[in-house]
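For reference, the chains in residue letters:
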Amino acid sequence: CLMCGKMSAQHQGLFDEYRRKAGDQAEMFVGKVEPGYPPTLYYSHPYWLFDEFFPGEVVYNGLLYRNVPVRYDAYLKQLVVNTPVRHLNICVSMHLVDKFTLDGIGYERRDGDFVALLFDSSHMELIEQVNVSVKEVYLSQVSFKHGFVHNVKYYVLRDGQKHEVDKLQSVLKLYPTIKKELKRFAKMYHLDFREHRRSSLISVMKYADELLTQSLN
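What you see is a predicted model; the values in this text were computed from it and never measured. (Residues numbered from 1 in each chain as written. Predicted model: local features only at pLDDT ≥ 70, side-chain atom pairs only at ≥ 80, totals over all residues. Heavy atoms only, no water.)

Attention now moves to the pattern of salt bridges. By the definition in use, this model includes six salt bridges. One salt bridge in this structure joins Lys-77 and Asp-113, with 3.4 Å as the shortest N-O distance. Residue Lys-77 is located in the loop between β3 (63-73) and β4 (78-82), and its partner Asp-113 is located in strand β8 (residues 113-120); the two are separated by 36 residues in the primary sequence. On the accessibility criterion, Asp-113 (14% relative accessible area) is buried. In this structure, Glu-128 engages Arg-198 in a salt bridge whose closest nitrogen and oxygen atoms are separated by 2.9 Å. A residue pair is termed long-range when its members are at least 10 positions apart, and Glu-128 in strand β9 (residues 125-138) and Arg-198 in helix α4 (residues 197-216) qualify at 70 residues. Residue Glu-128 shares its accessibility class with Arg-198, and that shared class is buried. Taken together, the salt bridges that share partners define one network made up of Glu-108, Arg-110 and Glu-125. (Salt bridge = Lys/Arg side-chain N within 4 Å of Asp/Glu carboxyl O. Helix = DSSP H or I, 4+ residues; strand = E, 2+ residues; numbered from the N terminus. Buried < 20%, exposed > 50% of the residue type's maximum accessible area, 1.4 Å probe, protein only.)

So, about the packing of aromatic side chains. Enumeration over the complete set of coordinates arrives at 15 aromatic pairs. By the ring-pair criterion, three or more aromatic residues cluster together here, those being Tyr-37, Tyr-42, Tyr-47, Tyr-75 and Phe-148. (Phe/Tyr/Trp six-rings, centres within 6.5 Å; stacked < 30°, edge-to-face > 60°.)

Right, let's talk about the pairing of strand β7 (residues 105-110) for a bit. On any regular strand, side chains alternate: one points to one face of the sheet, the next to the other face. Direction of pairing for strand β6 (residues 97-102) relative to β7: antiparallel, over a ladder of four bridges. Each residue of the ladder has a partner; that of Thr-101, found in β7, is Gly-106. As paired elements, β7 and β8 share five bridges and run antiparallel to each other. Looking at β8, one finds that Arg-110 is bridged to Asp-113. Counted along the chain from β7 to the antiparallel partner β8, the turn is two residues long, and its residue Asp-111 has a positive phi close to 55°. (Pairing = 2+ DSSP bridges.)

All right, on to the sheet that holds β8 then. Spatial strand order, β1-β5-β4-β3-β2-β6-β7-β8-β9-β10-β11: 11 strands in an open sheet with antiparallel pairing. Single-partner strands in this sheet number two, and they are β1 (32-33) and β11 (161-165). Note: β3 against β4, four bridges, orientation antiparallel. Looking at β4, one finds that Arg-71 is bridged to Val-80.

Turning our eyes to something else, we now look at unusual backbone geometry. Non-glycine residue Asn-61 carries a positive phi angle of around 55°. Within the secondary structure layout, Asn-61 lies in the loop between β2 (54-60) and β3. Even without a glycine there, the phi angle at Asp-159 is positive, about 55°. Within the secondary structure layout, Asp-159 lies in the loop between β10 (144-158) and β11.

Where nonpolar side chains cluster on the molecular surface, the patch consists of Tyr-75, Leu-76 and Val-134 and spans about 250 Å² of accessible area. Mapped onto the fold, Val-134 is located in strand β9. (Patch = residues over 30% accessible without salt bridge, like charges linked within 9 Å, V, L, I, M, F, W, Y side chains within 5 Å. Areas by Shrake-Rupley, 256 points an atom, 1.4 Å probe, with all protein chains shown as cover.)

Relative orientation of the contacting elements helix α3 (residues 179-188) and α4 amounts to 140°, with a least axis distance of 10 Å. It follows that α3 is oblique to α4 by the angle criterion. Our pair here, α3 against α4, has a crossing hand that is right-handed. Together, Glu-181, Leu-182 and Phe-185 of α3 and Ser-203, Val-204, Tyr-207, Ala-208 and Leu-211 of α4 make up the contact between the two elements. Residue composition of the contact of α3 with α4, grouped by class: six nonpolar, one polar and one charged. (Axes fitted to C-alpha atoms, helices over the stretch in contact; angles between N-to-C directions. Parallel < 35°, antiparallel > 145°, perpendicular 65-115°, else oblique. Left-handed = near helix turned anticlockwise from the far one by under 90°. Contact = heavy atoms within 4.5 Å. Nonpolar A, V, L, I, M, F, W, Y, C, P; charged D, E, K, R; others polar.)

With that settled, consider a positive patch on the surface. The grouping of Lys-167, Lys-173, Arg-194 and Arg-197 at the surface amounts to a positive patch. Looking at where Lys-167 falls in the secondary structure, it is placed in the loop between β11 and α2 (168-174). Residue class for Lys-167 comes out partly exposed when judged on its relative accessible area of 46%. (Lys, Arg positive; Asp, Glu negative; His and termini not counted. Charge placed at Lys NZ, Arg CZ, Asp CG, Glu CD.)

Structural data, given as structure tokens:
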């Protein structure tokens, strides 16, 4: 009886600490522990951008939660949060997640899947979409590891239409009236759409938006 009483007191103390640190976010930290990807079986990770946790914001069940350590598993389509007590990695209930931020970028649900909203204005939206698949790499005739292949695509949404963009030429086709200015801008700032596609697309689309705004004023 003494032992049971002692264990109950310990569990109650841990629960009280959890509620104190989690506060109003306690509901979001209730879920299954992430199984993870052990390096003995996997040689890469399936997370969107990073496998580390970054402080973010999550709109969960209609409520906004700030400064939550998050990462997004793009293979399982699963948002993972790190709990304030014992730092467990918890898979949250995705049907209750409306949107979240990761490394300062907002992620929204579009057509049943989450996309990264890289740039948004009255003229356009630039979004990033990631699909992850698994492949096997054989280390020898009897041993192999699993790896993840990230298929990243970028789209410009304007006038109700969705256009895939991957390099400067695809952007120029969308905006022929400011084609020369965009080419000059890309050359001036040494934009690299092969090695730094994400940041280059963000930069050129922001400049395109500035030019379009100026033409209307």
